[in-house]
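Single-letter residue listing:
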Amino acid sequence: MAHAYTPGLKVTERVLVKKRRILPLKGEVIVKVGDKVNPEDVVARTHLPGNVVPINVANKLGIPPEDMAEIMVKKVGDPIKEGEMIALKKSFIKFFNTPCEATVDGTMESVSSVTGQVLQRGHPIPVEVKAYVQGEITEVFENEGVEVSCYASFLQGIFGIGGETNGVIKVVTPDNKAILDDSLITDDLSGKIIIGGSLVTADAFNKAIKVGVKGVVVGGLDDKDLRDFLGYDIGVAITGSEDIGTTLVITEGFGQINMASKTFELMKRHEGETASINGATQIRAGVLRPEVVIPAVGEQQAVKDEAPSDMSGLVAGTPIRVIRHPYFGHLGTVTSLPSPLQKLESESMARVLEVEFDSGEKAIIPRANVEMIED
Amino acid sequence: MAKFDKSDDVKVILATDCGSTTTKAILIEHVNGEYRLMVRGEAPTTVEAPFEDVTMGVLNAVAEVEELSGRKLLDENGTIISPAKDKVGTDVYISTSSAGGGLQMMVAGVVRSMTAESAERAALGAGAIVMDVIASNDKRLPHQQIERIRHLRPDMILLSGGIDGGTTTHVVEIAELIAAADPRPRLGSSYKLPVIYAGNVGAREPVSEVLTNKVDLKMVDNLRPVLERENLGPAREEIHELFMEHVMAQAPGYKKLMSWADAPIMPTPGAVGLIIQTIAEKYGIEAVGVDIGGATTDVFSVFRPDEKTPVFNRTVSANLGMSYSISNVFAEATLPMVMRWVPFEMDERDLRNRIKNKMIRPTTIPQSMEELIFEQAVAKEALRLAFIQHKNFATVLKGVQQQRTIADAFAQSSSGATIVNMMTLDMLIGSGGVLSHAPRRQQAALMMIDAFLPEGVTRLAVDSIFMMPQLGVLTEVQPEAATEVFEKDCLIHLGSCIAPSGRAKKPGPIMKYTIELPSGTVTGTLQYLEMKKLELGVQENGLPQTARAILEPERGFDCGAGKGNRVETELHGGVIGIVLDGRGRPFDLSTLSEKERVSHLKKWMIELDIYPQEKMQDR
C-alpha cells in the first residue's frame, strides 16, 4: 500500500534536526557548546526595552513648551518611580507650586521643548528563549542565541495552529482512516500529544483542550469546525500565535482525509516517546510548515541517517494522490504522461497525466493537481 | 553600457521584470514603421539562496529571448550587447523589480484622513506596499505606535504633517515617536533607515533635531502645502531614489543590474501605474487597471474629477487574491455573496474545505466546470472588494472647506467623496491569472462587468501576458514605443460594455439602440434584466474595429448624457464584441428570488456564451 505525502513536506524516520533559538534582541546566552538540554530549558535571555509612556508636561502644568528646561526636575536618563516628581512649576508662594509626577517606574527617555512632551521608558521586559527540543548545543551565536541539534524522527504537516509545546506521544485511533471523535478523548491524555486518523471532530478537539491535551496530530479537519473553535475565520495562512491551549497539526488537508500510512506508522513506532511540536504555519514566500520532532534517545542517537528518498519526478508507475476536486483524496498510479497540453472539462489547457485509481477506475488529471506518494 | 539618450534612434528594446518568483523578459523591435513585441522569455528569479544574484535569472530569461528571436543579445562574458546592429544587440535595456518583497514602507502624518492619507497616496503611487499608517489621531496610544514602528522594520518611512506655515507641534511629536522607536531597516544593518520628511517646512528644523542622529533623514517639499492641494511628485521621486540607493542596492546582484540598465529600475507596481497614466493622458481618457494575483490585488485608476486634470490613484488590497489569500476573500465577502454568482447549490462544509485546500496548495487548477464557475465567482468578489477599497481611497481631498449652493445640499456631496465615476470611465483593463488565463475571454469580460459594474459605455481589455510593468518603465525612455506596443500587443481588446444606469420596477424596454456594425446596421431594444452580445472584432494590426452607435435610453435610464437622453458614440470592438447589459445600475441580485436568480444567471451565461450550454442546461 502506498503512503501519501505532499512534495516538499518531510516525513522522516531519522534526520539531523538543527533548531536555531535566537533572541529578538541581543542578550545573554546561558548555555555552552556541548551542553545537553531539555525542551523546557532556558538557553538565552534578554530584556526588551520597556514600553514608552508619554506625558505632556507642558499641557499638564500650563506652561509654554519652551520653558520645559526650567521646570524639569529629572533629566534624560534619570531613573524614575511611579508617583515621583519629574517636573515642578514654581509659584511665588510655595504652597501653590504644581508638580508633575511620573506615571511609570523606569527611566526618563526624552524631554521635548517643541511639544512639551516627556517620554518615560518603563522597566525592561525580560524575554527567555527555551531549547524547544531535547538535544545538544552545537553552536553559540554570541549574545544572540544558540543552535540545538538532535537526531530525530521528523514530520512536517501542511497546516497547523498554536505554538511550540511538547509531550508524550499517544496514538488514539485504531488506524489512519478512523475519525478522532470525542469518545476517544479521556482524562488520562492530559499533557500528551495525541495522534488521530482521517479527521478530528470539533467535539473531540474541544474536549482535548478541556482535558489539557498538549497537541493533536491528525490527517484532516473541517474548516467549519476550525472557525467554530477559533471564533474567527483564518483569512491568510499565517498561524502560530493562537492561544487555545492545544497545538494542532494537520498532516494532509481540510476535510476528512486519511493520514498517510507512513506518517501514522512512524507515530505508532514512537508511541510513549517525547515529541516537540509547533503549529506555526506560513504559506507565503519563505514558507513555514508545522512540525513534529521526536528526538532519538540513548543508543538511537548512534544510528545512521536514513538515506534520502529518491523522488525523481513523475513517471509512469509513480504512485500519486489527487489534491483537488473532483477526485480529491483518491490514490492511484500514473499510467501515462502525454506531453501536449490537453483541454480539461473546465476548458483550461493544461499538462495532464493519466492515472489508474486503486479502485481500477481510470482518469485524466492535471499534473498541477496531484502529489507524488512515497512507498 | 552607455546611458541612453532619448533622441537616439531606437530600433530594439529589451525589458525585464524581476518578479518575486519569475523574471520575465520581452523584446520589442521597430519593424515596418511600428514598434511591436517580438518574443517573450521567462526564467525563475534568482534573488534567494543558493543563487543570490538577480542577474542570473535575468540572463536566463534573456537567453530564452535570444533563442526564440534569433537575435544575439549576450556576449561571451554574459553581458548585454549594445547598441543593436543587424541581428545582434539591443539599443535599450530597462528593468523593473518586485523581487525580495518589493518596496515596503510605513507612512506617518498628523491627521489620518488628511496629511497621512496624502502620504499614503504618495507611497502607493510610487509602487510601495504600505505596511501601516501612523497618525496622531489613529486611536492608538503612543507606546502602541512605537511598538508597531519597531516591530514592522520597513524599508523606509515617509513622514508628513501640517500645511506650510501651520502647526509644528504635532508633526514633531510624530518625529519623536519615530526616534523613540529607533527603527531598523529590513535589509542589512550597515545603514540607517531612510526617513523622508515631506511636511510643514516650518517644522524642518525641530524634526531634524529629533531625527538626524537616529535615521538617514531626507527633506523634500511638503506633500500637502495647502489643504486644497497635494504635491506628491517630490516625495514620490525621493522614494524612487531611495529605493534605488538603499533597497535595491542591498538586494543581491542589483548593483550589477542597475549598471546594465539604461533607466532607473522601478518598483513593478510603480511602472504599471506609469503606463496607465501615460495611456490615459495620450488618449485623454479615464481608465481603471486591476491586477489580481495569488496574494494581493492592485487597482490603478486615472479620473478627471474637474474634467481636466487627471488624478492618479493606486491601492493594494494586501489580502485579496486567488490562492494564498482566497480564504480571506471568502471570509470578507461571506458565503452568500460568493454563491450568488453560482447557478447551482453547493454544500457549505464541503465548499469551505475546498477553499482552504486551495489556500494550502495554491498551485492547483480547476479541473471541472463546477470548480471553474466557483473559482470565477470568488474572483468576482475579490475584484469587487478591492474596488470598494479603491473607491474609498480615491477621493477628493478631505478637510477642504467647500462653498455650497442649495443644489449641493440636495446632491449630498461631501468632502472626501470618491472621484471614481463609473459613468465617465472609458476603459477597464484586467490582468492576473484568473482574468488573463480564463479559458474563454467572455469569462474575463463578465468577471470584470459583474465586479466593477461599469455604467454607460466602457471599453474592456485584458493584459494577456502581463507586460504592463516593462512598458511602464519604457514610457520613461521611449513613450511612443510603450504606447504602441501597449495598444497592439499588450492588450487583448475584449470589446465594449453598454450598461444603462437606472432601475425598473417591472420588466420592459430600457434602451433602444442603432449600431452601424461592419456587417450592417443593427437596431433593437434592450429589455430590463436582459444581456445581449453583438459581434464587433479586431483589425489585422491588433487594434479594435469601431462602430457608430445611437443609444436611446428610456426615461429613468442614463447612458452618459443624463436620464432619458440620447447618446451618439463610437464603440470599440474586440474578441467578444459589444455586451449590452440591461441589468440596470445599481445592480443587486439580492432583489431577485432564488428561482429568478438562478434562471437569470443561466440566461445571461448562455446568451454571452460564458460556459458550455450543456453545462448550464444540466443543472
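In this convention, every chain numbers its residues from 1, walking through the sequence in written order. Numbering of ligands from 1 and lettering of chains from A proceed in the order in which they are written. Given that the model is predicted, a residue must reach a pLDDT of at least 70 before its local features are reported, and side-chain atom pairs must reach 80 or more before they are shown or counted; all residues, however, enter totals for whole chains, interfaces and linings. With hydrogens and water excluded, all non-hydrogen atoms of the structure serve as input to the side-chain values.

1. Considering the overall build of chain A
The criterion, for reference: Only runs of H or I of at least four residues qualify as helices and only runs of E of at least two qualify as strands under DSSP, and these elements are numbered from the N terminus. Note on method: radius of gyration uses C-alpha positions; expected globular size equals 2.2 Å times residues raised to 0.38. Per-residue accessibility takes into account occlusion by the displayed protein chains alone, with areas from the Shrake-Rupley method and a 1.4 Å probe. Neither His nor the chain ends contribute to the count of charged residues, in which Lys and Arg are positive and Asp and Glu negative. Lys charges are placed at NZ, Arg charges at CZ, Asp charges at CG and Glu charges at CD.
Summing up its helical and strand segments, chain A has five helices and 30 strands in all. Over its C-alpha atoms chain A spans a radius of gyration of 29 Å, topping by over 25% the 21 Å that the globule rule assigns to 375 residues. Structurally, chain A occupies a C-alpha span of about 100 × 55 × 40 Å along its principal axes. Roughly 17,100 Å² of accessible area belongs to chain A as shown, and the carbon and sulfur atoms make up 51% of that amount. Side chains of chain A carry 39 positive and 52 negative charges; the gap between the two charge centres is 4 Å.

2. Remarks on the domain arrangement of chain A
Rules: In this entry, domain limits derive from an automatic or database-based domain assignment.
Domains assigned within chain A are domain 1 (3-16 + 154-302), domain 2 (52-122) and domain 3 (319-374). In this structure, domain 1 of chain A and domain 2 of chain A have C-alpha centres spaced 54 Å apart.

3. Observations concerning the interface of chain A and chain B
Rules: Residues are treated as being in contact if the distance between any of their heavy atoms lies within 4.5 Å. Summed over both partners, buried area is the accessible surface (1.4 Å probe) that two parts give up on being assembled. What counts as a salt bridge is simple: a side-chain nitrogen of Lys or Arg found within 4 Å of a carboxyl oxygen of Asp or Glu. Here a polar contact is recorded for every N or O atom pair within 3.5 Å, except that within protein the pair must consist of a potential hydrogen donor and a potential acceptor, and residues adjacent in sequence are included only if both atoms are side-chain atoms. Any residue that is not Ala, Val, Leu, Ile, Met, Phe, Trp, Tyr, Cys, Pro, Asp, Glu, Lys or Arg is counted as polar, Gly included; the first ten are nonpolar and the last four charged.
Facing the 52 residues of chain A at the interface are 47 residues of chain B. Between chain A and chain B the total buried area reaches about 4,300 Å² when both faces are included, carbon and sulfur atoms providing 52% of it. Counting the contacts that link chain A with chain B gives ten salt bridges. Residue Arg324(A) is joined to Glu375(B) by a salt bridge in which the shortest nitrogen-to-oxygen separation is 2.7 Å. One can count 26 residue pairs in polar contact (both at pLDDT 80 or more) joining chain A with chain B. At the level of secondary structure, the elements contributing two or more residues to the side of chain A that touches chain B comprise strand E6 (52-56), strand E11 (117-122), helix H4 (223-230), strand E21 (247-254) and strand E29 (362-366) of chain A. Examining the composition of the side of chain A that touches chain B, we find that four residues originate from one element, H4(A), more than from any other. Of the residues that constitute the side of chain A that touches chain B, the class distribution is 23 nonpolar, 13 polar and 16 charged.

4. Considering the environment of Gly430(B)
Residue and element names in this part refer to chain B. With respect to the helices, strands and loops of the structure, Gly 430 is situated in strand E14 (residues 427-431). Counting along the chain gives 317 residues from Gly 430 to Ser 113, while the straight-line C-alpha distance between them is 29 Å. Contact partners of Gly 430, with chain neighbours within four places excluded, come to Val 290, Leu 435, Met 448, Ala 461, Val 462 and Asp 463.

5. Section: the side chain of His390(B)
All names here are of chain B. Applicable threshold: Relative accessibility thresholds used throughout: buried, under 20% of the residue-type maximum; exposed, over 50%; partly exposed, between the two (1.4 Å probe, protein chains only).
Looking at where His 390 falls in the secondary structure, it is placed in helix H12 (residues 369-393). For His 390, a relative accessible area of 0% translates into the label buried. There is a polar contact of 2.8 Å between the side chain of His 390 and the side chain of Thr 315. In contact with His 390, other than residues within four places in its own chain, are Val 299, Phe 300, Ser 301, Asn 313, Arg 314, Thr 315 and Val 420.

6. A look at the sheet that holds strand E5 (residues 103-109) of chain B
Residues and elements named next belong to chain B. Quick note on the threshold: When DSSP locates at least two bridges between a pair of strands, those strands are taken to pair. Axis definition: a line fit to C-alpha positions, over the contact stretch in the case of helices; interaxial angles, taken between N-to-C directions, run 0 to 180 degrees.
In spatial order, the strands read E6-E5-E7-E8-E9; together these five strands make up an open sheet with parallel pairing. The open sheet has two edge strands with one neighbour each: strand E6 (128-135) and strand E9 (216-219). Strand-to-strand twist in this sheet, taken as the mean axis angle between neighbours without regard to direction, amounts to 20°. Of the strand pairs in this sheet, strand E8 (residues 194-197) and E9 are connected by four bridges, and their pairing is parallel.

7. Overview of the packing of aromatic side chains
Residue and element names in this part refer to chain A. To keep it simple, the criterion reads: Each pair of aromatic rings taken from Phe, Tyr and Trp, with Trp reduced to its six-membered ring, is defined by centres within 6.5 Å and is described as stacked if the planes are under 30 degrees apart, edge-to-face if over 60, and tilted in the remaining cases.
For the structure on display, the rule yields seven aromatic pairs over all chains. With a centroid separation of 5.2 Å and an interplanar angle of 40°, the aromatic rings of Tyr 327 and Phe 357 are classed as tilted. With a gap of 30 residues between them, Tyr 327 in the loop between strand E24 (319-322) and strand E25 (331-336) and Phe 357 in strand E28 (residues 352-357) connect regions that are remote in the sequence. Across the pair, exposure class does not vary: Tyr 327 and Phe 357 are buried alike.

8. Remarks on the pattern of salt bridges
A complete count under the given rule lists 56 salt bridges over all chains for this structure. Between Arg352(B) and Asp223(A) there is a salt bridge whose closest N-O contact spans 3.0 Å. With Arg352(B) in helix H11 (residues 348-360) and Asp223(A) in helix H4, this residue pair bridges two chains. Exposure class is identical for Arg352(B) and Asp223(A). Each is buried. Close ionic contact of Glu347(A) with Arg440(B) constitutes a salt bridge, the shortest N to O distance being 2.6 Å. Of this pair, Glu347(A) sits in the loop between strand E26 (342-343) and strand E27 (349-350) while Arg440(B) sits in the loop between helix H14 (433-436) and helix H15 (441-452), each in a different chain.

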